[in-house]
Amino acid sequence: MPKVLHLTPQEIDTQAKRSKYTVAIVGCGHKGILYANMFADAGFNVVCTDADASVVKKAAKGKIASTLPETETKLKRHINQENINVTSELKKAISQSDIVVIALTAKTDEQKKNNYTELVNICKHIGTVLHGGTLVVYGGIAGVGFIEGTVKELLENTSGLKAGQDFGLVYSPLIAPNAPPADLVLTVAASDEFSLEAASIVLKTLTGNVKEITDLKTAEIAALFTIAKQDALSALTNEFAVFCENANADYFKVLDALNLNIPCFRPTIAGEENCDGAYLLLEDAENLNIKLRLPALARQINEEMVKHAVNLTQEALRSCGKTLRRGRVAVLGSSPARDRFVELIEQKGAKVSIYDPSAKKEAQESDNIKTSLNKTVEGADCIIVLGGQEPLSRLNLKKLKSLMKSPSVVDLAGKFDANHVAIEGFLYFGLGKGNDQK
């Protein structure tokens, strides 16, 4: 098996040469699959694994929780071409791999505390089958000192090997996972030169933009600060959007006037996207006996946006003479916040149908998942548009109206022009869009 720790650029300068190396991705979530796709695109053999059997089962079918439909499309293509294999046999995947990417972050529990149990167990399992010469990449978000104090110690103690001598250990988090490949910057950090050099050589086959950092703690803090900055900008954006709703103005037109109508300035209910990283920073601050007031407030604002979406839905139904308790709601598109949004409106008594064209047809009648758009909206009082999956802005609204009871639209993705929707006979409510119907 090749020794990746002492790799030279010439050994992986073509896809044919890279095909001799196997990369294990531990964690089949959004970031893990993004890493898997990038390594497969570059020509490496990739095996994805996860401790959660249900996640493995979905990933093996090319289904993941992602706001980018092209991510699923690419995963399915790589699986069909046998560039990516998905398995629940974690230890076997690690033992046969030259590069291991741990694409997991500590989970946040109901008390907003970080739970490291899964990560600790994963590191122990990896260590028991880790062989010399392997490059281990921690691709999740790490709290300050986590790589040196937890990951390194666990891997060394369970494997009997030494980081920087027998195996490589680096930190390379995906901070902006939705960025186009040409714009993606991968930061890589390590405390020893062998790990850093080997990782840089490997990661440069994925993107030409690789930034090296020679201190792990600096890289950990930089990643946390980047997430806090994104969270604060998202909170400000969401606050401005709600302001425009109440001022009966269109936030998106304001963005056009400012030449700022780009993704980072658009409102979103996907507040949990930065959740784990944000709470890692807040916990580190608490351990240092300081309060980070702005990051804490930003987190609160972003998490409340799902409830704001529920309120918009209530207003839409109320305008149709309905309530959530008796309302039938059709949810179109994908979002990291979809499950939470559906949970909240179902708690208030709404009957929900979710449009998911990739779901198995035989399963659609046993739950609220529908593979047919017409069946999803049939008898509905309100359509909720989350985005993703398909060009929803080009939906045949006239046809959908004929299938619905009380046609109303809640646009949570800025997909529609309010006037166009009104012309088609719908009541329109949009995130960041003022409306005389309120």
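This text goes with the structure placed above it.
Predicted model only: the values in this text are computed from it and were never measured.

K.L.:
Can you tell me about the pairing of strand β11 (residues 328–333), naming the residues and giving the values?
P.N.:
In terms of burial, β11 is largely enclosed, as five of its six residues are buried. Relative to strand β12 (residues 351–355), β11 runs parallel, the two being bridged by four bridges. By the bridge assignment for β12, V329 is matched with V352. With respect to chirality, the unit in which β11 leads through helix α14 (residues 338–347) into the neighbouring parallel β12 is right-handed. Note that β11 and strand β14 (residues 382–387) share five bridges and pair parallel. The residue of β14 that forms the bridge with V331 is I384.

K.L.:
Break down the state of the cysteines for me, with residues and values.
P.N.:
Here the structure, examined in full by the defined rule, presents zero disulfides. In this structure C244 is not part of a disulfide, and its nearest cysteine sulfur, from C264, lies 16 Å away. Of all cysteine sulfurs in the structure, the one in C320 sits closest to C382, which takes part in no disulfide; the separation is 7.0 Å.

K.L.:
Talk me through the pattern of salt bridges; I want residue IDs and the actual numbers.
P.N.:
For the structure shown, the criterion picks out nine salt bridges. Between E286 and K113 there is a salt bridge; the shortest N-O distance is 3.6 Å. Highlighted residues: E286 in helix α11 (residues 275–287) and K113 in the loop between β5 (107–108) and β6 (114–115), separated in sequence by 173 residues. For E286, a relative accessible area of 48% puts it in the partly exposed group. Among the ionic pairs, R340 bridges to E343, the shortest N-O distance being 3.4 Å. Taken as a pair, R340 and E343 lie in helix α14 at a separation of three residues, close to a single helical turn. Taking relative accessible area as the criterion, R340 reaches 36% and is therefore assigned partly exposed. Judged by its relative accessible area of 37%, E343 falls in the partly exposed class. Where salt bridges share partners, they join D231, R299 and E303 into one cluster.

K.L.:
Can you lay out the packing of helix α9 (residues 216–246) against helix α12 (residues 293–303) for me, pointing to particular residues and giving the numbers?
P.N.:
Running from amino to carboxyl end, α9 crosses α12 at an angle of 50°, the nearest separation of the two axes being 8 Å. As summarised for this structure, α9 and α12 are arranged oblique, according to the angle between their axes. For the pair α9 and α12, the sense of crossing is left-handed. Counting all contacts with α9, which are made through D231, A232, S234, A235, N238 and E239, the residues of α12 involved are A298, R299, I301 and N302. Residue composition of the contact of α9 with α12, by class: four nonpolar, three polar and three charged.

Rules used throughout
Counting from 1, residues in each chain are numbered in the order their sequence is written. This being a predicted model, a pLDDT of at least 70 is required before a residue's local features are given, and a value of 80 or more before pairs of side-chain atoms are given or counted; all residues contribute to the totals for chains, interfaces and linings. Calculated side-chain values reflect all of the structure's heavy atoms, with hydrogen atoms and water omitted. Each residue gets one of three labels from its accessible area relative to the maximum for its type: buried under 20%, exposed over 50%, partly exposed in between, using a 1.4 Å probe on protein chains only. Put simply, DSSP H or I for four residues or longer makes a helix, DSSP E for two residues or longer makes a strand, and each gets a number counted from the N terminus. DSSP-based pairing: two strands are paired if at least 2 bridges between them are found. Seen with its strands pointing away from the viewer, a crossover is right-handed when the path leading from the first strand over the helix to the second is clockwise. Sulfur atoms of two cysteines make up a disulfide when they are within 2.5 Å. Salt bridge, as applied in this entry: a Lys or Arg side-chain nitrogen positioned within 4 Å of an Asp or Glu carboxyl oxygen. Note on definitions: angles span 0 to 180 degrees between N-to-C directions of axes, and those axes are lines fitted to C-alpha atoms, for helices only across the stretch in contact. Comment on the angle field: the value is read as roughly parallel under 35 degrees, roughly antiparallel over 145, roughly perpendicular from 65 to 115, and oblique elsewhere. For a crossing to be left-handed, the near helix must be turned anticlockwise from the far one by less than a right angle; the clockwise case is right-handed. For this analysis, residues touch if any pair of their heavy atoms sits within 4.5 Å. Each residue receives one of three labels: charged for Asp, Glu, Lys and Arg, nonpolar for Ala, Val, Leu, Ile, Met, Phe, Trp, Tyr, Cys and Pro, and polar for the others, Gly being one of them.

Function-wise, these values are silent; they only describe arrangement.
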